[in-house]
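Given next are the chains, with one letter for each unit.
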Amino acid sequence: MSPDLATYPGYRFPAEIISHAVWLYHVFSLSLRDVELILAERGITVTHESIRQWCLRFGADFARKLRRRRPPPGDTWHLDEVFLRINGASHYLWRAVDQHGVVLDILVQGRRNATAAKRFFKRLRAGLKYKPKRLVTDGLRSYGVAQREVLPDVRHRTSRYLNNRAENSHRPTRRRERQMQRFKSPEQAQRFLSAHSMIYGHFRPRRHLLTAAQHRRVRAEAFRVWQQETCAQTAV
């Protein structure tokens, strides 16, 4: 390996290779063995187990750094929950996005009652440190209970049609769930999806609202930020 490449302490592969493997796994619907094959085509011999360890070690850290760099979220929160089957038991993935489709946070829980809704609302407020002007949800009554107790001065609208933005944001999750042949535990689902939603969203701007030139600029900026935050660049 070239000595002028940035590295992570304790890892023999350069940061550029590790961050590229994490990027491939989270941005595309690839298995660990798929990533292993892609790297092998580039002359990089690494096992899928090593890639799994890289994703576990660095995925959440990269996502946290990207979260700090993203623009301020919008003032409208769209919330929705989707059913997950984990080890034969029912779980629910709670998700919040803003009016621009940016994922604000996710939470895997075993219930979809008022207690679960309040827990998610409190998590959003603690993480985002601001209150929205409006909430948009479907007709689940648990949202109304949580809104009245946690965000009583925020306008709340319920509509199955206005909430398409949150419902559409579940699609990448469904693709990964199929690729991974279901999640193995609630903890694994929470850990993976928290990182995945941030890394995937960082490289997926709303392309239909951008011209070709704008999209290229946004994409170039996304790669620049990724390289800075993952140290995937030549050391000076």
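What you see is a predicted model; the values in this text were computed from it and never measured.

Undergrad: Describe the nonpolar core, with residues and values.
TA: Of all hydrophobic cores here, the largest spans 46 residues; its most connected members are Val35, Ile51, Trp54, Phe183, Ile199 and Trp226. Listing elements by their share of this core, those giving two or more residues are helix H1 (15–27), helix H2 (32–41), helix H3 (48–69), strand E1 (76–86), strand E2 (89–98), strand E3 (103–109), helix H8 (186–202) and helix H9 (212–229). It is H1 that provides the largest number of residues to this core, a total of nine residues. In contact with isoleucine 51, other than residues within four places in its own chain, are Ala21, Leu32, Val35, Glu36, Leu39 and Val46.

Undergrad: Now, about the confidence of the model for the chain: what can you tell me, with residues and values included?
TA: Taken residue by residue, the chain gives an average pLDDT of 90. The fraction at 70 or more is 94%. At the low end of the mean pLDDT range in the chain sits helix H6 (residues 164–168), at 71; at the high end sits H2, at 97.

Undergrad: Which residues make up the pattern of salt bridges, and what values do they have?
TA: What the rule picks out here adds up to 13 salt bridges. Linking glutamate 229 and arginine 69 is a salt bridge whose minimum nitrogen-to-oxygen distance equals 2.6 Å. In this pair, glutamate 229 is assigned in helix H9 and arginine 69 in helix H3, connecting sequence segments 160 residues apart. Residue aspartate 75 pairs with lysine 133 through a salt bridge whose shortest N-O separation is 3.8 Å. Of this pair, aspartate 75 sits in the loop between H3 and E1 while lysine 133 sits in the loop between helix H4 (114–128) and strand E4 (134–137), and the two are 58 residues apart along the sequence.

Undergrad: Account for the packing of helix H7 (residues 171–179) against H8, naming residues and giving values.
TA: Contact geometry of H7 with H8 gives a least axis separation of 11 Å together with a crossing angle of 125 degrees. Between H7 and H8, the crossing angle belongs to the class labelled oblique. Pair H7 / H8 crosses with right-handed handedness. Along its contact with H7, which presents Pro172, Thr173, Arg175 and Arg176, the element H8 presents Phe192, Leu193, His196 and Tyr200. For the contact of H7 with H8, a count of residues per class yields four nonpolar, two polar and two charged.

Undergrad: Explain the packing of aromatic side chains residue by residue, including any values.
TA: Considering all chains together, one arrives at 18 aromatic pairs under this definition. Where phenylalanine 83 meets tyrosine 92, the ring centres are 6.2 Å apart and the plane angle is 70 degrees; that geometry is what we call edge-to-face. On the basis of relative accessibility, which here comes to 34%, the residue phenylalanine 83 falls in the partly exposed class. Of the residues examined, tyrosine 92 reaches a relative accessible area of 19% and is grouped as buried. Ring pairs connect the aromatic residues Tyr8, Tyr11, Trp23, Phe28, Phe58, Phe62, Phe203, Phe223 and Trp226, which therefore count as one cluster. Between arginine 57 and the ring centre of phenylalanine 58, over which it is positioned, the NZ or CZ distance is 4.6 Å. Between the NZ or CZ atom of arginine 176 and the centre of the ring of tyrosine 25, over which it lies, the distance is 4.7 Å.

Conventions adopted
- Residues numbered from 1 in each chain as written.
- Predicted model: local features only at pLDDT ≥ 70, side-chain atom pairs only at ≥ 80, totals over all residues.
- Heavy atoms only, no water.
- Core = buried A, V, L, I, M, F, W, Y, C linked by side-chain atoms within 4.5 Å.
- Buried < 20%, exposed > 50% of the residue type's maximum accessible area, 1.4 Å probe, protein only.
- Helix = DSSP H or I, 4+ residues; strand = E, 2+ residues; numbered from the N terminus.
- Contact = heavy atoms within 4.5 Å.
- pLDDT = per-residue confidence, 0-100.
- Salt bridge = Lys/Arg side-chain N within 4 Å of Asp/Glu carboxyl O.
- Axes fitted to C-alpha atoms, helices over the stretch in contact; angles between N-to-C directions.
- Parallel < 35°, antiparallel > 145°, perpendicular 65-115°, else oblique.
- Left-handed = near helix turned anticlockwise from the far one by under 90°.
- Nonpolar A, V, L, I, M, F, W, Y, C, P; charged D, E, K, R; others polar.
- Phe/Tyr/Trp six-rings, centres within 6.5 Å; stacked < 30°, edge-to-face > 60°.
- Lys NZ or Arg CZ within 6 Å of the ring centre and 35° of its normal.

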